[in-house]
Every structure is written in C-alpha cells, then in structure tokens.
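# What the coordinates show
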Amino acid sequence: MQMEDDAPYGMILLDQFEWREIDNEDAQAWELQAYYGTDYNKLWFETEGERADGEEEGRVELMWDRIISPWWSFQTGVRQDFGEGPSRTWADFGIQGLAPYFFEIDAALYVGEEGRTAARFSGEYNMLITQRLVLQPEIELELYGKDDPENGIGSGLSDVEVGLRLRYEIRRE
C-alpha cells in the first residue's frame, strides 16, 4: 500500500447561501471556499459577502496554501474588497489550522495601498450533539490600521460577527 500525499485533489464548500432580513429589507449572504492541489501545496479561493437594498459588499481572495506542520498551513495571496466606496486590493499573509481541542482557526494580516493594514481572525468549534447533529459556534473579528473614510471604515476593531449554526450531516465524510 502506498501513501500518495502528492496526489492532487479538490474541494468546493458553499458554507453559506442564505436570505436575511436587515432593517425590514431583503438581503442575501454567501460564503464559499474552494481549493485544488496536493497535501503540501494548494491553490485556495475564498469569497464572502452580502447584498442588501441593491448594494453588494464583500471580499474575494486567491491564495497559495503551503502546509507548515501536521495541523497548520501558511497562506499568501491577494484579496479584493468590493462594495460601497472604491475597491481595495490587499496582499494577504495568514495561517489556518486546527488548534488544540479542535478549534478551527483562520488568521490573516493584509497590507494595502497607501500604507493601509488590516487583520482578520475567525474561530469555530464543532460540538457533536449526536453523531450527525452538530452545533457550531463561530466568531469573526476584523481590524484596520488606519481610517478609510471613503469606504466608511475606522481604525481599530471594525467588525465583530458571532454566529451559531445547527446542522445535520447526512453523510459524515
């Protein structure tokens, strides 16, 4: 039997595709991740955003993912923000992995034009209620290094999102 850790494989995960009501207006939200490559090197694509009252706001990232330990990988690439105000392009440097006690962590540092910096941190945990019923708390934080009045962003802690998802896994794979 041979271990093929250099065999290519891929994944597409549409983690969020939902309708919401914000201030009595219909809104949609999405979050998609996809990658293709080997255990050691992958091309990684992520996008997330919202559409409310005819206006879209979100981000798209294209990254190279390199494994640095059995549970962690380093990611670098490009991020493009879109929405209200001018679009921003960022260089992306981050880590992603599984912390002790199975906390999934994704942390990134972004460097943009005109000396702009930003950071994003997200963490989630899967709590098995049964073998197929899973409760998943999640937190996401976004910080910015300097004010961006054209996009309505102030320096410091900009966004905090806390979520709780209950899902049923038909096929656990």
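I will try to describe carefully the structure that is included in this document. Treat the numbers as computed from the prediction; the structure is a model and nothing was measured.

Below, the discussion takes up the packing of aromatic side chains. On inspection of all chains with the given rule, the structure shows five aromatic pairs. Pairing W90 with Y110 gives two aromatic rings, centres 6.5 Å apart and planes at 65 degrees, and the pair type is edge-to-face. With W90 in strand 6 (residues 88-99) and Y110 in strand 7 (residues 103-112), this residue pair connects regions lying 20 residues apart in the sequence. Of the residues examined, W90 reaches a relative accessible area of 4% and is grouped as buried. Among the aromatic side chains, those forming a connected cluster through ring pairs are Y9, Y35 and W44.

This paragraph deals with a nonpolar patch on the surface. Taken together, the side chains of F121, I139, L143, L157, V160 and V162 make up a nonpolar region of the molecular surface, amounting to roughly 530 Å² of accessible area. Broken down by element, the nonpolar patch gets its largest block of residues, three residues, from strand 11 (residues 156-168). Tracing the backbone through its elements, the reader meets L157 in strand 11. The class of L157 is exposed, set by a relative accessible area of 53%.

This part is about a negative patch on the surface. Together, E21, D23, E25, D26, D53, E55, E57, E84, D159 and E161 make up a region of like negative charge exposed at the surface. Among the elements of the structure, strand 2 (25-37), strand 4 (55-67) and strand 11 are those that each provide at least two residues to the negative patch. Here D26 shows up in strand 2. Its relative accessible area of 48% is what places D26 among the partly exposed residues.

Looking now at empty space enclosed by the protein. Applying the stated rule across the entire model yields one cavity of 30 Å³ or more. As a volume, the largest cavity reaches approximately 40 Å³. In terms of lining residues, the largest cavity is bounded by W90, R116, T117, Y144, G145, K146, D148 and I153. Here the residues of the lining of the largest cavity sort into three nonpolar, two polar and three charged.

Calculation rules
- Residues numbered from 1 in each chain as written.
- Predicted model: local features only at pLDDT ≥ 70, side-chain atom pairs only at ≥ 80, totals over all residues.
- Heavy atoms only, no water.
- Phe/Tyr/Trp six-rings, centres within 6.5 Å; stacked < 30°, edge-to-face > 60°.
- Helix = DSSP H or I, 4+ residues; strand = E, 2+ residues; numbered from the N terminus.
- Buried < 20%, exposed > 50% of the residue type's maximum accessible area, 1.4 Å probe, protein only.
- Patch = residues over 30% accessible without salt bridge, like charges linked within 9 Å, V, L, I, M, F, W, Y side chains within 5 Å.
- Areas by Shrake-Rupley, 256 points an atom, 1.4 Å probe, with all protein chains shown as cover.
- Salt bridge = Lys/Arg side-chain N within 4 Å of Asp/Glu carboxyl O.
- Lys, Arg positive; Asp, Glu negative; His and termini not counted.
- Charge placed at Lys NZ, Arg CZ, Asp CG, Glu CD.
- 1 Å grid on protein atoms, 1.4 Å probe; cavity = no way out; pocket = protein on both sides within 12 Å on 5 of 7 lines; lining within 4 Å.
- Points joined across faces, edges and corners; volume = space filled by probe spheres on them.
- Nonpolar A, V, L, I, M, F, W, Y, C, P; charged D, E, K, R; others polar.

Any functional reading would require information that these geometric values do not contain.
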